[in-house]
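An overview of the molecular structure
Here's the letter readout for the chains.
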Amino acid sequence: MKDFDCFIFTHIPKCGGTSFRSYLAEACKLSDLNEDHVYIPGNFGVKNDKNLAQLSDLELELLRSKKLKILANHSKFGEPQKLGIVLENPLNLTILRNPVKRFISHYNFFYYKLGYDGCKGKRLEELNPKNLDRLLTNLSNLQTSYISNIKHKRVVGTENMLKIAKYNLKYEFDCIGLVEEMEDLISKLEKLEINWLNMPDHFQKLNVSNSD
């Protein structure tokens, strides 16, 4: 069985990642990890909106100087390395979700609730076809975008993006979870026996939506 020295969680929006980040933070506490070796926005005094892409040059430089053991944020696969943030021999993990449910959850939270793009209070069925088509184009392949990390989508093409994402899932990620089967993910992690990281016994789901 492979030994891992670090942990990178690729948090795709609306895929149960907030709950998992909280679970990881609890594992860090149980394992007495130095907070300076952990970067999980929303935990240990780091604001939720401090994902790698949102950091200033000075903040990134500070993060590069730290010997991180845990990194869990909204950054695409391979992005930490591109930014010069190196975690030695990491376990790469991500969580996926039924894409239709993920899209609806994304819209309900960011657009309907928070008002992105002037959509506050507007249900999906109330959008005009043009706006709905634009949203579907921008959001429906978000999981593929995060896993493939292709910046020039039009040049590569959707089909090739999907091929790259499938390759990364098969050969680059060490553990993959599904929102619909979170207990199975926790079981997988326990079997990996990461001796420096003690996993909590209980997994608590956060930000669970009650909307249809």
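I will try to describe carefully the structure that is included in this document. Quick caveat, the model's predicted, so the values are computed rather than measured.

**Examining the sheet that holds strand β3 (residues 70–73)**
Read across the open sheet, the five strands follow the order β2-β3-β1-β4-β5; overall the sheet is parallel. The outermost strands of the open sheet, each flanked by one partner alone, are β2 (38–39) and β5 (175–178). For strand β1 (residues 6–10) and β3, the ladder comprises four bridges, and the chain directions are parallel. Bridge pairing in β3 places Ile 8 opposite Leu 71. The strands that helix α9 (residues 182–192) touches are β1, β4 (90–96) and β5; relative to β5, the one it contacts most, it runs at about 160°.

**Looking at the side chain of Thr 10**
Here Thr 10 lies in strand β1. Relative accessible area serves as the criterion here: at 3%, Thr 10 is assigned to the buried category. Each residue touching Thr 10, except ones within four places of it in the same chain, is listed here: Asn 73, Ser 75, Lys 76, Phe 77, Leu 93, Thr 94, Ile 95, Tyr 146 and Phe 173.

**A short note on the pattern of salt bridges**
For the coordinates displayed, the defined rule picks out seven salt bridges. Put simply, Lys 66 and Asp 36 hold a salt bridge, and the shortest N to O gap is 3.2 Å. One end of the pair, Lys 66, is in the loop between α2 (57–64) and β3; the other, Asp 36, is in the loop between α1 (17–30) and β2, with 30 residues separating them in the sequence. Take Asp 36: its relative accessible area is 39%, and that puts it in the partly exposed class. In this structure, the salt-bridge partner of Lys 163 is Glu 159, at a minimum N-O distance of 3.9 Å. Here Lys 163 pairs with Glu 159, and both are found in helix α8 (residues 158–171), just four residues apart, close to one helical turn.

**Here we look at unusual backbone geometry**
One non-glycine residue, Asp 117, adopts positive backbone phi at about 55°. Take Asp 117: it is sitting in the loop between α4 (99–113) and α5 (129–139). Residue Glu 193 is not a glycine yet carries a positive backbone phi of 50°. You can see Glu 193 is positioned in the segment after α9. On the basis of relative accessible area, Glu 193 is assigned to the exposed category, the value being 60%.

**Let's talk about the nonpolar core**
One finds Phe 7, Phe 20, Leu 24, Ile 70, Leu 93 and Leu 197 to be the most contacted residues of the largest nonpolar core, which totals 38 residues. If you list the elements that add at least two residues to this core, you get β1, α1, β3, β4, α6 (142–148) and α9. In terms of residue count, α1 provides more of this core than any other element does, six residues in total. Discounting chain neighbours no more than four positions away, the residues touching Ile 70 are Phe 7, Leu 24, Cys 28, Leu 33, His 37, Val 38, Tyr 39, Ile 40, Leu 87, Trp 196 and Leu 197. Residues Ile 8, Tyr 39, Leu 68 and Ile 85 belong to the second largest nonpolar core, which totals twelve residues.

Analysis parameters
Residue positions are counted from 1 within each chain, in the order its sequence is given. Whole-chain, interface and lining totals are the exception, using all residues; otherwise, since this is a predicted model, local features are given only for residues with pLDDT of at least 70 and side-chain atom pairs are given and counted only at 80 or more. The side-chain values count all of the structure's non-hydrogen atoms but skip hydrogen atoms and water molecules. Two strands qualify as a pair provided DSSP detects at least 2 bridges between them. A helix here means a DSSP run of H or I that spans at least four residues, while a strand means a run of E at least two residues long, and both kinds are numbered starting from the N terminus. The contact rule is simple, with two residues in contact once any of their heavy atoms fall within 4.5 Å. Fitted lines through C-alpha atoms serve as axes, helices being fitted only where they are in contact, and the angles separating the N-to-C directions of these axes extend from 0 to 180 degrees. The rule is simple: take the accessible area with a 1.4 Å probe, protein chains only, and divide by the maximum for that residue type; under 20% is buried, over 50% is exposed, in between is partly exposed. Each reported salt bridge corresponds to a side-chain nitrogen of Lys or Arg within 4 Å of a carboxyl oxygen of Asp or Glu. Here, nonpolar core refers to any group of buried Ala, Val, Leu, Ile, Met, Phe, Trp, Tyr and Cys residues whose side-chain atoms link them within 4.5 Å.

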